[in-house]
Amino acid sequence: MQILVNTPYVVESKPATEWLLGEPVQKVSPRFVHGVLQLTFGIALLEWSRGRGRVASEWRVWVQPPYDYARYLVPDIAYVSYERLPQDAGDAAEEPHVAPNVVVEITSPSDRHIHVLHKIAVYLQAGTELVILVDAKARTCTLHDSEHERIFVVGETIEHPAMPGFSLDLVKLFAALPSPGA
Amino acid sequence: MQKTVEIQPYLVESKPATEWLLGGPVQKVMPKAAHSLLQLAFGSVLRAWAIGRGRVGVEWRIWLAPPGEVERYFVPDVAYISYDRMPRALVNPRDETRIAPDVAIEIRSPDDRNIYVLHKASVYLRSGTQLVIIVDPTRRTCTLHDAERETILTVGERLEHAALPEFSFDVAELFAEIEAP
């Protein structure tokens, strides 16, 4: 059966635009808390990734769930292993047509939940092993893989088989934020 | 642009029911005691509230068609469909339902795959369902998904939502169903 959908077209914008639910949707303009969490998580992941793969922020990737069309998403942070995208991939790494191994999204209060759910589902269907949602307000990280959802709170340390040897203490992650209630 | 769906959803009659998830038929998990008790508890409270407003059913096969996607069927543990969406007419035993429920409730089983739970919530919301409630007996939480936000309710809170005007259900009272008497 064939279904007509809009062909995803690239929209160059700042903040970046993603293709969600059949249309272009611009990301929320990040503010301090978003920015500092993105950077903190990104640095931790970048350090861990040496010799294993690439980590980048605001990296446009094309993902394609089975029997669906390819569309682009722009994760806040993405890790793509050298198995998925070889070290000598050259220009193909600029805008890869491969699902990242790990995606980190810093959620904003104004994010529409229907978009967040859709993005997690699309990443996991396209082959992403782990999607991490960082919630600054609740001071939590929610880890989604195809089998489980697990919420980590302050006092816990994030670990997951998709990132062997990586760990991130949530106290450290949220250290730059104003203390709750302050 | 055209996209090709490999298989057109076809009906599978089974017990437990089968749903069409991510391009294929997936049979629901055989309910254990906790699932069964919570499903009936939630269903009966919702039905009492729904009198004069709409219909509440369990294990109700519903066909959903999100925009730009193939029509497929889910079988929510509990579904509420208002009279606004589903006319106050005779319900024939052979009728299939092709209306997104106002509210869909799923009781999580320990073996449920997260990718299916996320997919179902996403498809319901895109098809026009206002509220999806995931009841988790292990964590004693009710997670409310609507198009704008996700809200996790724990024991000590009350389940209330604009999609269920005047409905109020103590989360502790729900999970009392599976506590030691």
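Conventions used here
Residues numbered from 1 in each chain as written. Chains lettered and ligands numbered in written order. Predicted model: local features only at pLDDT ≥ 70, side-chain atom pairs only at ≥ 80, totals over all residues. Heavy atoms only, no water. Pairing = 2+ DSSP bridges. Helix = DSSP H or I, 4+ residues; strand = E, 2+ residues; numbered from the N terminus. Axes fitted to C-alpha atoms, helices over the stretch in contact; angles between N-to-C directions. Contact = heavy atoms within 4.5 Å. Buried area = accessible area lost by both parts, 1.4 Å probe. Salt bridge = Lys/Arg side-chain N within 4 Å of Asp/Glu carboxyl O. Polar contact = N/O pair within 3.5 Å; in protein donor to acceptor, adjacent residues only side chain to side chain. Nonpolar A, V, L, I, M, F, W, Y, C, P; charged D, E, K, R; others polar.

Visitor: How would you sum up the sheet that holds strand 8 (residues 103-107) of chain B? Please name residues and give values.
Guide: Residue and element names in this part refer to chain B. Taken together, the six strands give an open sheet; going across it, the order is 4-7-8-9-10-11, and neighbouring strands pair in mixed fashion. In this open sheet, the two edge strands, each paired with only one partner strand, are strand 4 (54-58) and strand 11 (150-154). Averaged over all adjacent pairs, the angle separating strand axes in this sheet is 15°, with direction ignored. Here five bridges tie strand 4 to strand 7 (residues 78-82), and the two strands are oriented antiparallel to one another. Within strand 7, the residue paired with R55 across the bridge is I81.

Visitor: Tell me what's going on with the interface of chain A and chain B, and back it up with residues and numbers.
Guide: With 29 residues of chain A at the interface, the matching set in chain B holds 30 residues. For the pairing of chain A and chain B, the buried interface totals around 2900 Å² over both sides, and the portion due to carbon and sulfur atoms is 56%. In this structure, the connection of chain A to chain B is made through four salt bridges. Between R113 of chain B and E147 of chain A there is a salt bridge, with its nearest N and O atoms 2.6 Å apart. The tally of links from chain A across to chain B stands at 13 residue pairs in polar contact (both at pLDDT 80 or more). Per element, the largest residue contribution to the side of chain A that touches chain B is seven residues, and it comes from helix 2 (residues 113-126) of chain A. Its residues assigned to classes, the side of chain A that touches chain B comprises 13 nonpolar, nine polar and seven charged.

Visitor: Talk me through the pattern of salt bridges; I want residue IDs and the actual numbers.
Guide: Applying the stated criterion across every chain yields a total of 26 salt bridges over all chains. Counted as one network, the salt bridges with shared partners bring together E149 of chain A together with R108, D136 and R139 of chain B.

Visitor: Lay out the side chain of R60 of chain A with the relevant residues and their values.
Guide: Residues and elements named next belong to chain A. Tracing the chain through its elements places R60 in the loop between strand 4 (53-57) and strand 5 (61-63). Side-chain polar atoms of R60 contact the side chain of E12, separated by 3.2 Å. One polar contact links R60 to E95, side chain to side chain, over a distance of 3.0 Å.

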